[in-house]
Every structure is written in structure tokens, then in C-alpha cells.
Amino acid sequence: MRDRSSVGVVCGLVVLLGTLLTGCQSPSGGVTQDGRLGEPATGRTATVSPVPTRPSGYGAVFLAVGECSSFGTTSFTEVPCAGERAAARVVARHDGTVRDGPRCPAATDFVLHISEQRPASDEDGDGAVPRGYACMRNLQPPHPGDPGGGGGPRTIVGDCVYGSGDGQVRETACDGEGERKPQYKVVRAVAERADCPAPTALYVRLGGKRPVGCARPL
């Protein structure tokens, strides 16, 4: 430690005095990120070796935006998007829970809930993955999150619903190929019920800035 401090003082005095020297020769070839001196230098100036960085694609962060997962919504792994096991791509990724976090994009087909501890899936090598959720879009059709697709984590304009008998409505495919036939179709999203058009027969809760869905009977 005494040797390193001396080198720093000499370098500072050389710069302040404005001598003809262009730099201060350090006994090391650079300084690492943790403050340790590197190997002895062979040239006139000290150099710092670039710090290796992890790639921004597959493996850098567990299920980051643009990365892909295998099949399954309860048991899944992160896989290369070009691989044969890839089933869906991450379109949005948030920490925490779905209830407390931002909403998934409208075209999300399904949501993967990521547990707080998944050492087998951890890509950073620290033995833990933060709790969160990934909004997923299938790489191939069908896309239940599309308008009228009959699924997805959100009800959006263009979706169809049916009465579930408990005062609630559930989404179903508009083409009638789902388990239940559609009874209403959401045709508009508005801020208040009074903004819905006259033929509206049902109000559907959508959330967001326009939380009211105006649905007409089919």
C-alpha cells in the first residue's frame, strides 16, 4: 500500500508542474476493478484490460425481454429462440407479482410466474432469481391474446365473453370454437360507462386508463 500511494503522488506532481514528461510510469500494467495492481507493464504507458461482459442475449438475464422459454406455463426453462424447444418469446418482464406490477401488453398470450428462488434456472450464477413475471407471446399460432382469440391475461377490445352465472363474465373465442359460445363482444374501451355507445348491453372491466369495456350482444 505504501508503494501504490507513492506512485500516485509522483504522478500528481508531474501533472501539476507541467513538466515535459507525457505520463507517469507505473510499475503495473493497469488497475483492475477491485483496485489491485496488474502485471508489470512493458510499454511506456499504463493500460487497463477491458472487463469481459456477458452477452445481452440468451443467458445474460433469466427470461429477459426478447428471450424465449420452452413449452409449459408451470414447468419451463429458458432456451435459445432458434432452438427446437423454443415455444414463446418474452415481450415484457417485471419484478414482483402480477397484482402489484405493470400490466402485460395487450397481445400477451400467457404469463409465466417466476418464483423467487430457482437455482436450477439461474443464469447469473448467484443461486437466485428475483420473483417476477414474464409476459409471453407464442412463437407460432394460435395466439389467444389477440382480439377475439379467447384467452390471454387481459380482456381487450375485440374479445368476446360469456356470462359465467355468478355475476361475472369470462372470455371465449369469438369464432365459436371454444368450450363456450360467445354472448357479447367488447367493441370499445372508455373511461366511464356513460361514454359507451347506445347498443351497449354489458360493461366489462378492462383496467388501465380506459377501464370500461362496452360490449354488445351477439
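Asks: Describe the overall build of the chain, and please don't skip the residues or the numbers.
Replies: A tally of helices and strands in the chain yields 1 helix and 10 strands. Per-residue burial over the chain gives 30% buried out of 218 residues. A separation threshold of at least 6 residues defines the contact pool for the chain, and within that pool the share at least 24 residues apart is 41%. Within the structure as shown, the chain displays about 14200 Å² of accessible surface, and the carbon and sulfur contribution to it stands at 53%.

Asks: Explain the nonpolar core residue by residue, including any values.
Replies: The biggest cluster of nonpolar side chains holds 10 residues, and these are Phe62, Leu63, Phe76, Ala88, Val90, Phe110, Leu112, Ile114, Ala134 and Met136. Sorting the residues of this core by element identifies strand E3 (88–95), strand E4 (110–114) and strand E5 (132–138) as the ones contributing at least two each. With 3 residues, the top contributor of residues to this core is E4. Counting 7 residues, the second largest nonpolar core, distinct from the first, contains Val186, Leu202, Val204 and Leu206.

Asks: Mind laying out the pattern of salt bridges, listing which residues take part and the relevant values?
Replies: Under the definition given, this model contains 3 salt bridges. Close ionic contact of arginine 137 with aspartate 109 constitutes a salt bridge, the shortest N to O distance being 3.8 Å. Of this pair, arginine 137 sits in strand E5 while aspartate 109 is found in the loop between E3 and E4, placing the two residues 28 residues apart along the sequence. Classification of arginine 137 by relative accessible area gives partly exposed; the value is 21%. Between aspartate 146 and arginine 137 there is a salt bridge, and its shortest N-O distance comes to 2.6 Å. Judged by its relative accessible area of 25%, aspartate 146 is partly exposed.

Asks: Describe in detail the state of the cysteines, supporting the description with residues and values.
Replies: For the structure on display, the rule yields 4 disulfides. Counting only the cysteines that take part in disulfides, in the order they occur along the chain, gives the pairing 1-2, 3-4, 5-6, 7-8.

Asks: Explain the confidence of the model for the chain to me, and be specific about the residues and the numbers.
Replies: Across the chain, the average pLDDT comes to 75, with 65% of residues at or above 70. A low-confidence stretch, residues 1–57 stays under pLDDT 50, and its non-local contacts, those more than four residues away or across chains, total 42 contacts.

Asks: Give a description of the pairing of E3 that names residues and reports values.
Replies: As defined by bridge partners, strand E1 (residues 68–69) adjoins E3 across 2 bridges and the pair is classed as antiparallel. Paired with cysteine 68 across the strands is arginine 89, a residue of E3. Strand direction decides the pairing type here: E3 and E5, joined by 7 bridges, are antiparallel. Across the sheet, the residue bridging to alanine 92 is cysteine 135, located in E5.

Asks: Would you mind going over the side chain of arginine 93 in detail, with residue names and values included?
Replies: Within the secondary structure, arginine 93 sits in strand E3. Of note is the side chain of arginine 93, whose polar atom sits 3.4 Å from the backbone oxygen of phenylalanine 62. Engagement of the side chain of arginine 93 in a polar contact is seen with the backbone oxygen of leucine 63, the distance being 3.2 Å.

Asks: If you had to explain the environment of proline 144 to someone new, which residues and values would you point to?
Replies: Note that proline 144 resides in the loop between E5 and strand E6 (160–163). With 29 residues separating them in the primary sequence, proline 144 and alanine 173 have C-alpha atoms 8.1 Å apart. Among all residues touching proline 144, those that are not within four sequence positions of it are Asp109, Asn138, Gly149, Gly150, Gly151, Gly152 and Glu171.

Cut-offs used in this document
- Residues numbered from 1 in each chain as written.
- Predicted model: local features only at pLDDT ≥ 70, side-chain atom pairs only at ≥ 80, totals over all residues.
- Heavy atoms only, no water.
- Helix = DSSP H or I, 4+ residues; strand = E, 2+ residues; numbered from the N terminus.
- Buried < 20%, exposed > 50% of the residue type's maximum accessible area, 1.4 Å probe, protein only.
- Contact = heavy atoms within 4.5 Å.
- Areas by Shrake-Rupley, 256 points an atom, 1.4 Å probe, with all protein chains shown as cover.
- Core = buried A, V, L, I, M, F, W, Y, C linked by side-chain atoms within 4.5 Å.
- Salt bridge = Lys/Arg side-chain N within 4 Å of Asp/Glu carboxyl O.
- Disulfide = S-S within 2.5 Å.
- pLDDT = per-residue confidence, 0-100.
- Pairing = 2+ DSSP bridges.
- Polar contact = N/O pair within 3.5 Å; in protein donor to acceptor, adjacent residues only side chain to side chain.

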